[in-house]
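Read off the chains here:
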Amino acid sequence: MFDSRHIRTFHEVVRTRSYSAAAQALGYTQPAISQQMKALEREVGTPLFTRVGRRLRLTEAGETLARHTQNILGSMSVAREQMAAIARLRTGLVRVCAFPSANATLVPEAMALLAVEHPGIRVELLEDEPPDSLRRVVQGESDVTLAFTYPGLREEVPGELVEIPLLEDQLTVLLPVGHPMARRRAVQLADLAQERWIAGCLRCRTNFVHECAQLGFTPDIVFTTDDNLAVQALVAQGLGVAMMPGLTLPFLRRDKVRGRPLAPASRRQVSAYVLREHLRIPATARLLEALATVAGRRADSTGGVSHKRFLGSAKEL
């Protein structure tokens, strides 16, 4: 491994063919130049120069190193500029893993906000459900993960992660447009105890069954699917009703399906999870701020609860 100062000095000596001229160009003393070149020769393990009269001549090893020096210095310059650009937020890549309804709502809105304020930041999207999505952050496959939890069913979160609460997502019931309860402003889960049900992902299904059990009934689940659009299509055909998160409401087939909030309200917690050291990476911090902003807007428009100041809400688990 070469010392970058020695490479830069070597390049100047090669260019000027003189220790004294290189010293003048670099602002060093001639003995300092001589010491650096001796140190570089110790690093490479062979002489780099011979003297012919008062002039320096490169050895074979010196010629070989000289051919690579410009590329080495150029790569170092590019690396410095790229690191400075990241620090100044001109660029940066953030890998985001989120569950489907967040990837269809919160993440695109946050990316649109970033595109205006920090156009150099690039976002790579992944899709996965918790707890697998949480493991992706720990294993270095993503920088930020969006995940959700339900009250009373909170799963173990890796201790090295920091949770940044974004919003509490209101749960709703999807009903076919002709259903008698579709005309209500809100519905009670107990009033739907005799319905046929369409259940979603494993975590959502577990919470749904848990809430029904608390009300004293076991739901008749006739279909299960992780596909939100498939759930809507099944409801639209009158094949059952479904309990769905509020984040799915913007994609309702409004001509055939109605979404009604549960009364009393039931919500899931949506949070971002990162490794603590990633909070110091500018591009990641800006993305988290954008997510907090759009989560606040969405909560305000849907009656959910937001956590707008994400840094103040971050907590180590």
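Fair warning: this is a prediction, and the values are worked out from it, not measured in the lab.

A. Up close: the pattern of salt bridges. Under the criterion given, the structure shown has 10 salt bridges. Two residues, D132 and R135, come together in a salt bridge whose shortest N-O distance is 2.0 Å. Here the residue D132 and the residue R135 both occupy positions in helix α7 (residues 132-138), the gap between them amounting to 3 residues, near one helical turn. On the basis of relative accessibility, which here comes to 36%, the residue D132 falls in the partly exposed class. Notably, a salt bridge pairs R136 with E141, separated by 3.4 Å at the nearest N-O pair. The class for E141 is partly exposed, based on a relative accessible area of 36%. Three or more residues are tied together by salt bridges with common partners; here these are D128, R136 and E141.

B. Looking closely at the environment of D226. The residue D226 is located in the loop between β8 (220-224) and α9 (228-236) in this model. Its relative accessible area of 54% is what places D226 among the exposed residues. Through-space distance from the C-alpha of D226 to that of R205 is 9.8 Å; in sequence the pair is 21 residues apart. If we skip the residues at most four places from it in the chain, D226 touches G200, C201 and L202.

C. Structural view of the confidence of the model for the protein chain. Confidence in the prediction for the protein chain averages 85 pLDDT; 89% of positions are at 70 or higher. Between residues 308-317, whose pLDDT stays under 50, and residues either more than four places distant or in other chains, the model counts 25 contacts.

D. Up close: the packing of aromatic side chains. Scanning the entire structure with this criterion turns up 5 aromatic pairs. When the centroid spacing of 5.6 Å and the interplanar angle of 50° are considered together, the rings of F10 and F49 count as tilted. Here F10, found in helix α1 (residues 4-16), pairs with F49, found in strand β1 (residues 49-52); they are 39 residues apart in sequence, far enough to count as distant. The exposure class of F10 is buried, given its relative accessible area of 0%.

E. Structural view of α1. Its 13 residues give α1 an end-to-end C-alpha distance of 19 Å, which sits within 8% of 18 Å, the value for a rise of 1.5 Å per residue. For α1, the full list of buried residues reads H6, I7, T9, F10, E12, V13, V14 and T16. Between a side-chain oxygen at the N-terminus of α1 and the backbone nitrogen of R5 the separation is 2.8 Å; the capping residue is D3. With its phi angle positive at about 55°, R17 sits one or two positions after the end of α1.

F. The packing of α1 against helix α2 (residues 19-26), seen in detail. Close contact between α1 and α2 brings their axes to 8 Å; oriented N to C, the two are set at 125°. In terms of orientation, α1 lies oblique with respect to α2. When the axes of α1 and α2 are compared, the crossing they make is right-handed. Where α1 abuts α2, its residues T9, E12, V13, R15 and T16 lie against Y19, A21, A22, A25 and L26. Here the residues of the contact of α1 with α2 are counted per class, giving 6 nonpolar, 2 polar and 2 charged.

G. Spatial organisation of the environment of P250. In this structure, P250 sits in the loop between β9 (242-245) and β10 (257-261). The sequence separation of P250 and A104 amounts to 146 residues, and the corresponding C-alpha distance is 9.5 Å.

H. Focus on the nonpolar core. L106, V144 and L146 are the most contacted members of the largest nonpolar core, which has 50 residues in total. At the level of secondary structure, the elements contributing two or more residues to this core comprise β3 (92-98), α6 (106-117), β4 (121-127), β5 (144-149), β6 (161-176), α8 (202-214), β11 (267-275) and α10 (282-302). For this core, the leading source of residues is α10, giving 8 residues. When residues no more than four places from it in sequence are discounted, the contact partners of L146 are V96, C97, A98, F99, A102, L106, V107, S133, L166, S271, A272 and L291. With 16 residues, the next largest nonpolar core counts F10, V14, Y19 and L65 among its residues.

Thresholds, definitions, all that
- Residues numbered from 1 in each chain as written.
- Predicted model: local features only at pLDDT ≥ 70, side-chain atom pairs only at ≥ 80, totals over all residues.
- Heavy atoms only, no water.
- Salt bridge = Lys/Arg side-chain N within 4 Å of Asp/Glu carboxyl O.
- Helix = DSSP H or I, 4+ residues; strand = E, 2+ residues; numbered from the N terminus.
- Buried < 20%, exposed > 50% of the residue type's maximum accessible area, 1.4 Å probe, protein only.
- Contact = heavy atoms within 4.5 Å.
- pLDDT = per-residue confidence, 0-100.
- Phe/Tyr/Trp six-rings, centres within 6.5 Å; stacked < 30°, edge-to-face > 60°.
- Expected span 1.5 Å × (residues − 1).
- Polar contact = N/O pair within 3.5 Å; in protein donor to acceptor, adjacent residues only side chain to side chain.
- Axes fitted to C-alpha atoms, helices over the stretch in contact; angles between N-to-C directions.
- Parallel < 35°, antiparallel > 145°, perpendicular 65-115°, else oblique.
- Left-handed = near helix turned anticlockwise from the far one by under 90°.
- Nonpolar A, V, L, I, M, F, W, Y, C, P; charged D, E, K, R; others polar.
- Core = buried A, V, L, I, M, F, W, Y, C linked by side-chain atoms within 4.5 Å.

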